[in-house]
Amino acid sequence: MFSAAAIAVVIAHIFAVWRALKGPTVFDRVLAAHTIGTAAILLLSLLGFLTGRPEFLDIGITYALLNLIGTLAVLKFFRYGDLSHAGEEEPAET
Amino acid sequence: MSEWFPELLSWPFLAAGAFFYLVGSIGLVRMPDVYTRMHATSVSDTFGAALLLIGMMITAGLSLVTAKLFVIFLIILFTGPVATHALARAARYAKVKPVLHKPEGKSSSKP
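The paragraphs below set out a description of the structure included in this document. The shown structure was predicted, so the numbers you read here are calculated from the model rather than taken from an experiment.

### Let's talk about the overall build of chain A
Here is step 1 of the chain: Regarding its fold elements, chain A presents three helices and zero strands.
Here is step 2 of the chain: Helices (α) and strands (β) of chain A occur, in sequence order from the N terminus, as α-α-α.
Here is step 3 of the chain: Relative to the globule expectation of 12 Å for 94 residues, the C-alpha radius of gyration of chain A, 17 Å, shows a markedly less compact shape.
Here is step 4 of the chain: Seen through its principal axes, chain A has C-alpha atoms that stretch 50 × 30 × 20 Å.
Here is step 5 of the chain: Within the span of chain A, comprising 94 residues, buried residues form 37% of the whole.
Here is step 6 of the chain: Residue pairs in contact within chain A that sit at least 24 positions apart in sequence constitute 46% of those at least 6 positions apart.
Here is step 7 of the chain: Put simply, chain A shows about 4900 Å² of open surface, and 73% of that area lies on carbon and sulfur atoms.
Here is step 8 of the chain: Taking the average location of the 6 positive side-chain charges in chain A and that of its 8 negative ones, the two points are 11 Å from each other.

### Digging into the interface of chain B and chain A
Here is step 1 of the chain: Contact residues are listed per partner, giving 44 residues for chain B and 42 residues for chain A.
Here is step 2 of the chain: Buried area between chain B and chain A, both sides added, is near 3900 Å², and the carbon and sulfur share of it is 79%.
Here is step 3 of the chain: Ranking the residues of chain B by area buried against chain A places Tyr21(B), Leu87(B) and Tyr93(B) at the top, with a combined share of 15%.
Here is step 4 of the chain: At the surface where chain B touches chain A, the tally comes to five residue pairs in polar contact (both at pLDDT 80 or more).
Here is step 5 of the chain: Mapped by element, the contributors of at least two residues to the side of chain B that touches chain A are α1 (4-30), α2 (34-60) and α3 (64-93) of chain B.
Here is step 6 of the chain: Ranked by the residues each element gives to the side of chain B that touches chain A, the list is headed by α3(B), at 18 residues.

### Section: unusual backbone geometry
Residues and elements named next belong to chain B.
Here is step 1 of the chain: Although it is not a glycine, Lys95 adopts a positive phi angle of roughly 60 degrees.
Here is step 2 of the chain: The residue Lys95 is located in the segment after α3 in this model.
Here is step 3 of the chain: Under the relative-accessibility criterion, Lys95 is labelled exposed at 54%.

### Details of the nonpolar core
Here is step 1 of the chain: Counting 29 residues, the largest nonpolar core has Leu46(A), Leu14(B), Leu52(B), Leu53(B), Met56(B), Leu69(B) and Ile72(B) as its most contacted members.
Here is step 2 of the chain: When residues of this core are traced back to their parent elements, those giving at least two are α1 (2-22), α2 (26-50) and α3 (56-80) of chain A together with α1, α2 and α3 of chain B.
Here is step 3 of the chain: For Leu69(B), the residues in contact, after removing those within four places along its chain, are Ser45(A), Phe49(A), Leu57(A), Leu53(B), Met56(B) and Met57(B).
Here is step 4 of the chain: Residues Leu31(A), Leu28(B), Tyr35(B) and Val96(B) belong to the second largest nonpolar core, which totals 13 residues.

### Section: the packing of aromatic side chains
Residues and elements named next belong to chain A.
Here is step 1 of the chain: Summed over all chains, the structure comprises five aromatic pairs over all chains.
Here is step 2 of the chain: Judged by centre distance (5.2 Å) and plane angle (20 degrees), the rings of Phe2 and Phe49 are stacked. Of the two residues, Phe2 sits in helix α1 while Phe49 sits in helix α2, which places them 47 residues apart along the sequence.
Here is step 3 of the chain: Taking relative accessible area as the criterion, Phe2 reaches 9% and is therefore assigned buried.
Here is step 4 of the chain: Ring centres of Phe77 and Phe78 lie 6.0 Å apart, and the angle between their planes is 65 degrees; this geometry places the pair in the edge-to-face category.
Here is step 5 of the chain: Judged by its relative accessible area of 41%, Phe77 falls in the partly exposed class.

### Digging into the pattern of salt bridges
Here is step 1 of the chain: If you walk through the whole model with that rule in mind, you get two salt bridges over all chains.
Here is step 2 of the chain: With a shortest N-O distance of 2.4 Å, Arg37(B) and Asp28(A) are connected by a salt bridge. On the criterion of chain membership, the pair formed by Arg37(B) in helix α2 and Asp28(A) in helix α2 is interchain, its members lying in two chains. The same class applies to Arg37(B) as to Asp28(A), namely buried.
Here is step 3 of the chain: A salt bridge links Lys68(B) to Asp58(A); its shortest N-O distance comes to 3.0 Å.

### Brief notes about the packing of α2(A) against α2(B)
Here is step 1 of the chain: At a minimum axis separation of 11 Å, α2(A) and α2(B) run at an interaxial angle of 10 degrees. Judged by the angle between their axes, α2(A) and α2(B) are roughly parallel. Side by side, α2(A) and α2(B) meet where Phe27(A), Asp28(A), Leu31(A), His34(A), Thr35(A), Thr38(A), Leu42(A), Ser45(A), Leu46(A) and Phe49(A) of the first sit next to Val34(B), Arg37(B), Met38(B), Thr41(B), Asp45(B), Ala49(B), Leu52(B), Leu53(B), Met56(B), Thr59(B) and Ala60(B) of the second.
Here is step 2 of the chain: For the contact of α2(A) with α2(B), the residue count by class is 12 nonpolar, six polar and three charged.

### Notes on α2(A)
Here is step 1 of the chain: Between the first and last C-alpha of α2(A) there are 35 Å, a value that for 25 residues agrees with the 36 Å anticipated at 1.5 Å per step.
Here is step 2 of the chain: Just past α2(A), the residue Gly52(A) takes up positive phi, approximately 70 degrees.

Rules and cut-offs
- Residues numbered from 1 in each chain as written.
- Chains lettered and ligands numbered in written order.
- Predicted model: local features only at pLDDT ≥ 70, side-chain atom pairs only at ≥ 80, totals over all residues.
- Heavy atoms only, no water.
- Helix = DSSP H or I, 4+ residues; strand = E, 2+ residues; numbered from the N terminus.
- Rg over C-alpha atoms; globule rule 2.2 N^0.38 Å.
- Buried < 20%, exposed > 50% of the residue type's maximum accessible area, 1.4 Å probe, protein only.
- Contact = heavy atoms within 4.5 Å.
- Areas by Shrake-Rupley, 256 points an atom, 1.4 Å probe, with all protein chains shown as cover.
- Lys, Arg positive; Asp, Glu negative; His and termini not counted.
- Charge placed at Lys NZ, Arg CZ, Asp CG, Glu CD.
- Buried area = accessible area lost by both parts, 1.4 Å probe.
- Polar contact = N/O pair within 3.5 Å; in protein donor to acceptor, adjacent residues only side chain to side chain.
- Core = buried A, V, L, I, M, F, W, Y, C linked by side-chain atoms within 4.5 Å.
- Phe/Tyr/Trp six-rings, centres within 6.5 Å; stacked < 30°, edge-to-face > 60°.
- Salt bridge = Lys/Arg side-chain N within 4 Å of Asp/Glu carboxyl O.
- Axes fitted to C-alpha atoms, helices over the stretch in contact; angles between N-to-C directions.
- Parallel < 35°, antiparallel > 145°, perpendicular 65-115°, else oblique.
- Nonpolar A, V, L, I, M, F, W, Y, C, P; charged D, E, K, R; others polar.
- Expected span 1.5 Å × (residues − 1).

What follows is the structure, encoded as structure tokens:
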């Protein structure tokens, strides 16, 4: 049953890569990258179960954290042009 | 209980998790704009991943592996909405317009 779930996650990978390639706006690509990261974590832990290696889960945990930081960094870069910008609290325009 | 029980109990969880994961990723492909795609991936992130991880926890039984799986589940549960929220704000700030009506090109059933 693990291989079936792993195949499903690989198909989810393919969809996410397709969306990353086709996505009109840059935010589709960031969203696809985030989804690929989460899917990679699940595929990693599923394969860890299939091959009987529990160490994969540690990689999954670190990658889950890195995935969030990466997404936030890319978003900040697209918003302020550079990562060192302090970022001001702008009024919520409509 | 004989040893096949946890293996068999995890099958429905894994199947449901894989199903919802695919539902989320199909939504990622078919939705018209960024905001609805975010909505679709949050389904697969939270629900599909949770069911898959629970299925794995059942086969792992009470051990360190289950603890690690639970930590992964918590991290995915917390980082998903944070990333989606930041993405939505960034898209909104960049004035990405949500698609509010079905584009005329596709002939919908309504006249």
